[in-house]
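Inside the fold
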Amino acid sequence: MTAVVVTQSPEMSAEIPLLPLKDIVVFPHMIVPVFVNEDLCINAVESAMAGNKKIFLSAFKVSGEEGTGLEASLEPPFDVYATGTVCSIMRTRKLPDGRMKVLVQGLYKAKVVSLAKNDGHPIVQTRTVLDDVCVNGSPETEALIRAVRENLEKVVGLGKVLSPDILMVLEDVNEPGRLADLVAANLGLKVHESQSVLALANPVERLRRVYGFLSREIEVYQMQVKIQSQAKEEISRMQREHYLREQMRVIRTELGDNDGKEEVEALWKRMEEMNLSAEAKEEASRQLRRLERMHQDTSEAALTRTHVETILSLPWGVKSQDNLDLKNVKKILDEDHFGLDQVKDRIIEYLAVKKLNPSAKSPIVCFVGPPGVGKTSLGRSIARAVGRQFSRISLGGVRDEADIRGHRKTYVGAFPGRVVSSMKAAKSMNPVIMLDEIDKLGSDHRGDPSAALLEVLDPEQNKSFVDHYLGVAFDLSDVLFIANANTLDTIPAPLRDRLEIIEVSGYSEEEKVIIANQYLIPKQIKESGLAEADVIFGKAAVSTIINNYTRESGLRGLEKQIASICRKIARQQAEALETVDKDDVKKPLPVRLTPALVQRHLGAERFAAETIHSESTIGVAMGLAYTPYGGEVLAIETNMIATGKGRLVLTGQLGDVMKESAQAAFSYLRSRAAAFGFDPELMNKNEIHVHVPAGAVPKDGPSAGITIATSILSALKGSAPVQRAAMTGEISLHGKVLPIGGLREKILAALREGITSVLIPERNRSTFDSLPANVKRRVRVRFVKDYNEVYEELFGTAGKLALVPESATKDVDSQELAS
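So, here's what we can say about the structure. From a predicted model like this one, the values you see are computed outputs, not experimental measurements.

Of the regular secondary structure elements, the protein holds 28 helices and 26 strands. Residues counted as buried form 48% of the 819 residues belonging to the protein. Of all intrachain contacts in the protein linking residues separated by at least 6 positions in sequence, the fraction that spans at least 24 positions is 74%. Total accessible area computed for the protein in this model is approximately 41100 Å², and 50% of it derives from carbon and sulfur atoms.

Right under this line is the structure:
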């Protein structure tokens, strides 16, 4: 007998409030509590309570799930499923946390036609959806009903928890549609799965889909039972092994075996031979006495043994003999690094004091400079020169205080902090420890590691540094701590106060040529398997690599390019050896590198010889900036747009300080319009747009003040400033030019870009005088006190910058080129 299906025509219902749901689908005849906390949902409930207590419930559409019945009916934010349930509100209650608990009973299914209103809460026009009417009692329908009930009993038998009331109700339900709704509502399906059941109008098809979900649940629960059985067998096996191990222990005891006592006695002997502090000796003795009373196979014994071994592995009282031959120290430092006289002098000063006063405390210095200038390798060189062990602690990205202080030994997987681990690895009480990237420290809910470093880097406190894992004081006062950073801005003030800051600036072109010839080229030739006679780097070739293939303050990129050339030459020689007769092997001719050969090996030049705006342009001024990665040349651009409103627009990802500096320059020019020869109405009727390329790079700081003023003034006057002249300096509201930082890096950046005329603040004259002579002789400078002097140089009749005194232009030997 085949079931006959008759479809009834749907009816239009009145407008009804919409309550969108997030994680539940409500079926007809289902009584369920719903919790709402959004004002929009609460307004919908209150609107329904004020009317006939009917409300339309539908779940939000799950993204990525498509299929019949899973389409959304409305646009966001009300993108709920088209099919939902019209419910009657039975009861509501306000909860203390501000939410509302609403008890609803599903009445019948409906489909959203349109969004009628959205005044405080959504009201939708719905259309009643009636189930297809089918003739009950067909063999197919009856078999499907029985199969669903049997599978439901299997799921309950495998551990699925269902209310006894639901099971009793299901026994009396013979309608396939209602049976499908009841089972789907209590099966705990996902939202889109429940929605696919609700959207089906044919009761038999709906029941068939529920039967498929029931079959899947049975497979899942059967696999879960299997996993639990395997886990139980594993536990039984472990209990059996423990029982056998205990039997073996009793047998060894009866036979007189030591049961691990030899290992404990070895620890006692080792402790007595070491020069431990009184506190450490007492703690180790106490832990060893506890260990003697424990069974050696327990986890607590393993933790105690590891703790004692960690204490005994530290270099208590062991120190390296310092190399106090100052000339020899200077020679070793010069072998490893060119220049850096300030750093070398500071280390030699420390050793001189140590020679006269052996109890002098070690300094805590911090090298600050751009990447690639040799800060990290300098720490290893200092350790070699002084004759101490070297250890490096990388602090970049460290966010956990326990990385510095260690974990309490009671925690599972506890270990000592990085400082104690470094001392253990160095096997000395006075090593050189490099704190690498100290400016990259972070902090989160696990603590602030920079705060933990305060004790480590304080000479008054680190004599009794307590690591959480050790639990005893350890002396760090003889350690030579050397930190390095790219910038000081991110180092907290209390930590920065404990550091002796030494700036390690970038290198000029002459210094890079010397370093390349003395250090980088021999190193890369050796690493490439070549002989020194196989390749000859000419001075012009090295200068080409520096100027056209690298644009940096340090040497890292230069070394990479030299290594690339050496590898290509090594490949050519290796291929040449494969093609010749083995009995007639000739030594290959040496390769003399020229600029043309460099270009053939490295490809097209990566950096143009000239910057943007190489010619004088109205509204463009060249400024100098300092970043953690070295100096940069900024071409600040200004345009005027006739909008009838005088305002200043700033673009280019500028920080607050730089924006305020631009506003100060703007106000100064407005107050001095007559003196500078432009119509003040231009500033009242035009929008002044100042842009600082590149727009994707954040910029901040006040040192671009006179550059911004020059760019704006050039646009207002319609006159271009002097060609290829750069400037740096903060400007005040009265036009005073204030001092700036990073002067060496800025001048080196100007020279890299081919700019040799620079304006700098008068109060930076002493800083300029301390620069190497080879840098000063390549640049023409004008020291300025106020903006009137800047105006005279860039827009006046002189048009030329003052030359540096002749005394700064004398030739210097290679050892005087470094700062």
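Moving on from the model shown.
Turning to the pattern of salt bridges, a few remarks are in order. Across all of its chains, the model carries 28 salt bridges by this definition. Put simply, E283 and R286 hold a salt bridge, and the shortest N to O gap is 2.9 Å. Pair noted here: E283 and R286 are both in helix α8 (residues 278-293), with a separation of 3 residues, about one helical turn. With relative accessibility at 12%, the residue E283 sits in the buried group. In this structure, R418 engages D403 in a salt bridge whose closest nitrogen and oxygen atoms are separated by 3.8 Å. Of the two residues, R418 is situated in helix α14 (residues 418-426) and D403 in helix α13 (residues 402-405); the sequence distance between them amounts to 15 residues.

Attention now moves to the side chain of T304. Considering the arrangement of structural elements, one finds T304 in helix α9 (residues 299-312). Beyond its immediate stretch of four places on either side in the chain, T304 contacts Q287, R290, L291 and M294.

This part covers the nonpolar core. Within the largest apolar cluster, 54 residues are counted, with the highest numbers of intra-cluster contacts made by F367, I382, F537, I562 and L593. The element that contributes the greatest number of residues to this core is helix α17 (residues 509-527), accounting for 8 residues.

To continue, consider helix α18 (residues 539-549). With respect to burial, α18 is a largely interior element, 8 of its 11 residues being buried. Taken together, the buried positions of α18 are A541, V542, S543, T544, I545, I546, N548 and Y549.

Each value, and the rule that gives it
- Residues numbered from 1 in each chain as written.
- Predicted model: local features only at pLDDT ≥ 70, side-chain atom pairs only at ≥ 80, totals over all residues.
- Heavy atoms only, no water.
- Helix = DSSP H or I, 4+ residues; strand = E, 2+ residues; numbered from the N terminus.
- Buried < 20%, exposed > 50% of the residue type's maximum accessible area, 1.4 Å probe, protein only.
- Contact = heavy atoms within 4.5 Å.
- Areas by Shrake-Rupley, 256 points an atom, 1.4 Å probe, with all protein chains shown as cover.
- Salt bridge = Lys/Arg side-chain N within 4 Å of Asp/Glu carboxyl O.
- Core = buried A, V, L, I, M, F, W, Y, C linked by side-chain atoms within 4.5 Å.

That is the geometry; function is a separate question.
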